[in-house]
Amino acid sequence: MSLDIDKILSHVKHNSVVREVVHEVLFFDKVTSTNRIALEMASDGLPGGIVILAEEQSKGKGRLGRSWFSPPECNIILSILLRPCLPMREYPLFSPVTAVGVIDGIDNATGIQAGIKWPNDIMVGEKKVGGVLLESGAGGDQAVLVVGLGINANLNQTDFPDELQSSATSLREILGQEIDRTVLVIALLEGIARQVTELQTGHKTAVLQAVKARCQTLGKKIRVKTAKKVFEGWAEEIESDGVLRIRMGDQSRRRILTGEITHLRDAGIFQTKR
Ligand code: BTN
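Described below are features of the structure shown in this document. Everything quoted here is computed from the prediction, not taken from an experiment.

Attention now moves to the packing of helix H4 (residues 94-110) against helix H7 (residues 204-214). It is the contact of H4 with H7, at a shortest axis distance of 9 Å, that shows an interaxial angle of 65°. Judged by the angle between their axes, H4 and H7 are roughly perpendicular. Of the two elements, H4 crosses H7, and the hand of that crossing is left-handed. Where H4 abuts H7, its residues Pro96, Val97, Val100, Ile103 and Asp104 lie against Val207, Ala210, Val211 and Arg214. In terms of residue class, the contact of H4 with H7 is built from 7 nonpolar, no polar and 2 charged.

Quick look at the site of the ligand now. Ser33, Gln57, Lys61, Arg63 and Lys128 are the nearest of the 21 residues found near the ligand. Gln57 has a polar side-chain atom sitting 2.9 Å from a nitrogen atom of the ligand. One of the backbone nitrogen or oxygen atoms of Arg63 is found 2.7 Å away from an oxygen atom of the ligand. Alone, the ligand offers 420 Å² of accessible surface; in the complex the protein occludes 97% of this. Elements with a contribution of two residues or more to the shell around the ligand: helix H3 (34-43), strand E3 (76-82), strand E6 (127-137) and strand E7 (144-151). Looking at which element gives the most residues to the shell around the ligand, the answer is E6, with 4 residues. In terms of residue class, the shell around the ligand is built from 6 nonpolar, 11 polar and 4 charged.

By the definition in use, this model includes 20 salt bridges. With its nearest N and O atoms 2.8 Å apart, the salt bridge here joins Glu55 to Arg181. One end of the pair, Glu55, is in strand E2 (residues 50-57); the other, Arg181, is in helix H6 (residues 181-200), and 126 residues separate them in sequence. The same class applies to Glu55 as to Arg181, namely buried. Lys61 is the salt-bridge partner of Glu135, the closest N and O atoms lying 3.0 Å from each other. Of this pair, Glu135 sits in strand E6 while Lys61 sits in the loop between E2 and E3, placing them 74 residues apart in sequence. Classification of Glu135 by relative accessible area gives buried; the value is 19%. Each of Glu236, Glu239, Asp241, Arg245, Arg247, Arg253 and Arg255 takes part in a single network of salt bridges with overlapping partners.

Time to look at the pairing of strand E1 (residues 24-31). As defined by bridge partners, E1 adjoins E2 across 7 bridges and the pair is classed as parallel. Bridging across to E2, Phe27 finds its partner in Leu53. What joins E1 to E2 is H3, and the crossover it makes is right-handed.

What the 7 strands build is an open sheet, ordered E1-E2-E3-E7-E6-E5-E4; its pairing is mixed. Either end of the sheet is taken by a strand with one partner, and the two such strands are E1 and strand E4 (115-117). Strand after strand, the sheet turns through a mean of 25° between neighbouring axes, direction not considered. Together, E2, E3 and E7 form the strand contacts of H6, whose direction differs from that of E3 by roughly 30°.

Rules behind the numbers
- Residues numbered from 1 in each chain as written.
- Predicted model: local features only at pLDDT ≥ 70, side-chain atom pairs only at ≥ 80, totals over all residues.
- Heavy atoms only, no water.
- Axes fitted to C-alpha atoms, helices over the stretch in contact; angles between N-to-C directions.
- Helix = DSSP H or I, 4+ residues; strand = E, 2+ residues; numbered from the N terminus.
- Parallel < 35°, antiparallel > 145°, perpendicular 65-115°, else oblique.
- Left-handed = near helix turned anticlockwise from the far one by under 90°.
- Contact = heavy atoms within 4.5 Å.
- Nonpolar A, V, L, I, M, F, W, Y, C, P; charged D, E, K, R; others polar.
- Near = heavy atom within 4 Å.
- Polar contact = N/O pair within 3.5 Å; in protein donor to acceptor, adjacent residues only side chain to side chain.
- Areas by Shrake-Rupley, 256 points an atom, 1.4 Å probe, with all protein chains shown as cover.
- Salt bridge = Lys/Arg side-chain N within 4 Å of Asp/Glu carboxyl O.
- Buried < 20%, exposed > 50% of the residue type's maximum accessible area, 1.4 Å probe, protein only.
- Pairing = 2+ DSSP bridges.
- Right-handed = clockwise from strand over helix to strand, strands pointing away.

Structure (structure tokens):
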């Protein structure tokens, strides 16, 4: 089923939580990448609060330089252009914070309980159903942050490429029935707007607690792959700037800013203080 744009626009207009963050929604049949469009708009000086929704991307971007797989008209592809009122050093927080909003949105629209694989993967069990890609840019007087979101909504399991078969799934596969994407977009925008507003109005501690409560990574033994190294340790804490702190085998601590995380099977001995 197609997205009902009028219904989405009407919801944005009448919902005060969403209106705090979203001022305009633009819809495209096909773009290169909604993140790219949002960054271009930002460099043209457009204000924050614009949501770009698309049915298809020709060059969808994933984290760590990967591409994002999403066939036309079956998933959620959106980006939000923000001009945050927080210092740039706090921008990384928007990744897990958006993920919390996404998880709440998925729960409200479908009843599915998802979790976060730090920093931005939306997981159901050990399978990925979506991801958040943050990009910052320039343009206008104020700094820019683009929050990109891809959710596998109605994709058939058999339609995933071979390399994603064992690690990814869709909400429809989990629920066993078609997802109403319009209802999902509305719930996602509300969930994200609520969390972004919390973060921007000084409730960082509460927002971080919400992230930790939904984070599957904490307490697990993990493998971290960065551009330079691969190492293993226990995921101990998400610090106040959103960085993941891990404890190594020799009891030293390491702060992880970014990287590819794998949850290892032999998890569970170590408990975090939460
Ligand atoms: C990830 O690698 O997990 C993040 C994926 C983010 C994909 C979304 S789809 C909408 C937005 N536009 C893009 O080009 N990428 C993000």
